[in-house]
Every structure is written in structure tokens, then in C-alpha cells.
Amino acid sequence: HKIAVLKSSKLNEYRLPFVWQELNTAATELKPNFVFESGYGLLLGVSDESLSRLGFDILPRERLLQNAQFFLILKPTLADLRLVRDGATVLGWIHAMQSPEVIDVAIKKSLTLIALENCFDQLGYHILRKNNHLAGRYGVEHALENFSSLTNKKACVIGYGDVGKGAVSALI
């Protein structure tokens, strides 16, 4: 079985699990394990034809949702989960505890959900803590770029998890 890599259908969600540099240099033996949604690379300026030339399969979203067994969708929506086939496995930022409907759909469809937000190493560290730190840092940097005209800027970071630590690192 291949892993179907889909863009999130969540409004204003543009993050992708793989960027062009990773796809371009992916080991040859890994390429047959992934199939990408048509249009996956458009945000990266990469056409389906370019991904196909690298050795990746490309299929329409609807076909993947109906037929694939394993999915990587960074921010799956309730609608995505309703469309995947029964018994499928979905890896992403699920946040199931925040949505009883997600839990209901997962149970009814016998889905296996692998929630990235709950993945920790043997020492108790989140496996994507560096990613979370960067998200906090770049989120603040982006905000500062957009609001550079404000004077007497003050900021308050609530919480000091990995995202908060990244935010603080951008402010000091």
C-alpha cells in the first residue's frame, strides 16, 4: 500500500508535509511508497508533471480518498475523514479531543487516527518540537513584518511550550 499525501482542505491552511527540496532529493527507494494529490505542488510552484518526472504517482483527490488505505493530511477536516474509506489510517494534526464529531466518524468508519500532536519520544519530548519552535518563531516574525508601523510594541506570550519558546526567541 502507498501513502496518499493530500493537501489540507481546511480554509486558509497552506502547510504541506513535504517541500520541493525534500521531494527533489528523496531516495529512489522511497518514491514508490507515496502517491500525491493532483495539484499538491502548486503552492510550491511545482507542477504535477515535475513530480511525476521525479518518480511520484499523481492522482485526483477524490480517487485517493475513495481508494487509498493510508493518508498523510497535515490538517484533516471532518469532511476529509467522512470521505476516506472505512478502515483507513490517517496521519496528521487530528485534534480529535476537540471535536466529538471526529471521534464519532472515526469509530463509525473504523479509522485509525495517528495524531501528530500526541506523538512523543521515549524521553517525553514531542517528536516535532523543533517544527513547533520554528512555527512560534516565524509566526511572530511574520506578524512583526505585517505590523511594523506600530509604535511602542509590547507582546505577551501565553504559555511556554515549544511554540511559545519559539515566539519568545523571535521577540528577544
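Please refer to the structure placed before this passage.
Presented here is a report on the structure given in the accompanying data block.

Rules behind the numbers
Residues numbered from 1 in each chain as written. Predicted model: local features only at pLDDT ≥ 70, side-chain atom pairs only at ≥ 80, totals over all residues. Heavy atoms only, no water. Pairing = 2+ DSSP bridges. Helix = DSSP H or I, 4+ residues; strand = E, 2+ residues; numbered from the N terminus. Right-handed = clockwise from strand over helix to strand, strands pointing away. Axes fitted to C-alpha atoms, helices over the stretch in contact; angles between N-to-C directions. Parallel < 35°, antiparallel > 145°, perpendicular 65-115°, else oblique. Left-handed = near helix turned anticlockwise from the far one by under 90°. Contact = heavy atoms within 4.5 Å. Nonpolar A, V, L, I, M, F, W, Y, C, P; charged D, E, K, R; others polar. Phe/Tyr/Trp six-rings, centres within 6.5 Å; stacked < 30°, edge-to-face > 60°. Buried < 20%, exposed > 50% of the residue type's maximum accessible area, 1.4 Å probe, protein only.

## Observations concerning the pairing of strand β5 (residues 89–92)
Here comes step 1: Inspection of the sheet shows strand β4 (residues 70–73) paired to β5 by three bridges, in the parallel sense. If you follow Phe71 over to β5, its bridge partner there is Val90.
Here comes step 2: Taken together, β4, helix α4 (residues 78–83) and β5 form a β-α-β motif whose crossover is right-handed.
Here comes step 3: Here β5 pairs with strand β6 (residues 112–115) via four bridges, running parallel. Of the residues in β6, the one forming a bridge with Leu91 is Ile114.

## Side note on the packing of helix α6 (residues 129–146) against helix α7 (residues 162–171)
Here comes step 1: Viewed as axis vectors pointing N to C, α6 and α7 meet at an angle of 40°, and their least axial separation amounts to 7 Å. Here α6 lies oblique to α7, going by the angle between them. For the crossing formed where α6 meets α7, the hand is right-handed. Judged by residue contacts, Arg129, Asn132, His133, Gly136, Arg137, Val140, Glu141 and Leu144 of α6 engage Asp162, Val163, Lys165, Gly166, Ala167, Ser169, Ala170 and Leu171 from α7.
Here comes step 2: Class assignment of the residues belonging to the contact of α6 with α7 gives a composition of six nonpolar, five polar and five charged.

## Some remarks on the packing of aromatic side chains
Here comes step 1: As enumerated under the stated definition, the model contains four aromatic pairs in all.
Here comes step 2: Judged by centre distance (5.4 Å) and plane angle (75°), the rings of Phe18 and Phe34 are edge-to-face. Of this pair, Phe18 sits in the loop between β1 (3–6) and α1 (20–25) while Phe34 sits in strand β2 (residues 34–37), placing them 16 residues apart in sequence.
Here comes step 3: Overall, the relative accessible area of 16% leaves Phe34 in the buried class.
Here comes step 4: With 6.2 Å between their ring centres and 70° between their planes, Phe18 and Phe36 make a pair best called edge-to-face. A residue pair is termed long-range when its members are at least 10 positions apart, and Phe18 in the loop between β1 and α1 and Phe36 in strand β2 qualify at 18 residues.
Here comes step 5: Of the aromatic side chains, those joined through ring pairs into one cluster are Phe18, Phe34, Phe36, Tyr40 and Phe56.

## Here's the deal with unusual backbone geometry
Here comes step 1: With phi around 60°, Asn12 is a residue other than glycine that occupies positive phi space.
Here comes step 2: Structurally, Asn12 can be placed in the loop between β1 and α1.
Here comes step 3: Of the residues examined, Asn12 reaches a relative accessible area of 55% and is grouped as exposed.
Here comes step 4: For His95, which is not glycine, the phi torsion reads 50° and is therefore positive.
Here comes step 5: Mapped onto the elements of the fold, His95 is located in the loop between β5 and α5 (100–108).
Here comes step 6: The class of His95 is partly exposed, set by a relative accessible area of 26%.

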